[in-house]
Amino acid sequence: SVAKLDFYKQTGDNRSGGWISDETEGDAKRPPVDVILAADIICQPSDAVAASKTIYDALKPNGVAYAVCATAEHRFGVEIFASECDARGLQVTMRNVAEMCNGELLLEEEQQMMQTAAGYVEGMELTFFEIVKS
């Protein structure tokens, strides 16, 4: 099922997992999940803090989150995201998306589609984060 999530409402201290959705009443928490998929979630430093708290709260122990973000050259706060996750005990692996794709971020036919995407600029690089809650 799909539920609306405001990552500024998460506490970042729920070891067993469970997160607050916008539909949750009071302190009731939604059940934790095994996998989180996220993209372009950080635009300022406070987003990096909130996203790390959300990932910690929302994942079950041994769960994994996959996030793709523009590099810090294009999005403020991305430079602290890994350290914020680390501060919560999450294990982070980072990779350049282009390196994962034989040096090409996009195929030639995909270039035009990306140029119409919100916030994409020529030469933008993306970072892939794999985040594990052990």
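These lines cover the structure that appears in this document, whether it is placed above or below. (Residues numbered from 1 in each chain as written. Predicted model: local features only at pLDDT ≥ 70, side-chain atom pairs only at ≥ 80, totals over all residues. Heavy atoms only, no water.)

1. Some words on the pattern of salt bridges
Here's step 1: Tallying each qualifying case throughout the model produces three salt bridges.
Here's step 2: Across the pair Lys60 and Asp34 runs a salt bridge whose closest N-O atoms are separated by 3.6 Å. Of this pair, Lys60 sits in strand β2 (residues 59-70) while Asp34 sits in strand β1 (residues 33-39); the two residues are 26 residues apart in sequence, bridging distant segments of the chain.
Here's step 3: The class of Asp34 is partly exposed, set by a relative accessible area of 46%.
Here's step 4: Of the charged contacts, one joins Asp40 and Arg75 as a salt bridge, the two residues approaching to 3.1 Å between their closest N and O atoms. Highlighted residues: Asp40 in the loop between β1 and α1 (45-58) and Arg75 in the loop between β2 and α2 (78-87), separated in sequence by 35 residues.
Here's step 5: The exposure class of Asp40 is partly exposed, given its relative accessible area of 38%.
Here's step 6: Its relative accessible area of 11% is what places Arg75 among the buried residues. (Salt bridge = Lys/Arg side-chain N within 4 Å of Asp/Glu carboxyl O. Helix = DSSP H or I, 4+ residues; strand = E, 2+ residues; numbered from the N terminus. Buried < 20%, exposed > 50% of the residue type's maximum accessible area, 1.4 Å probe, protein only.)

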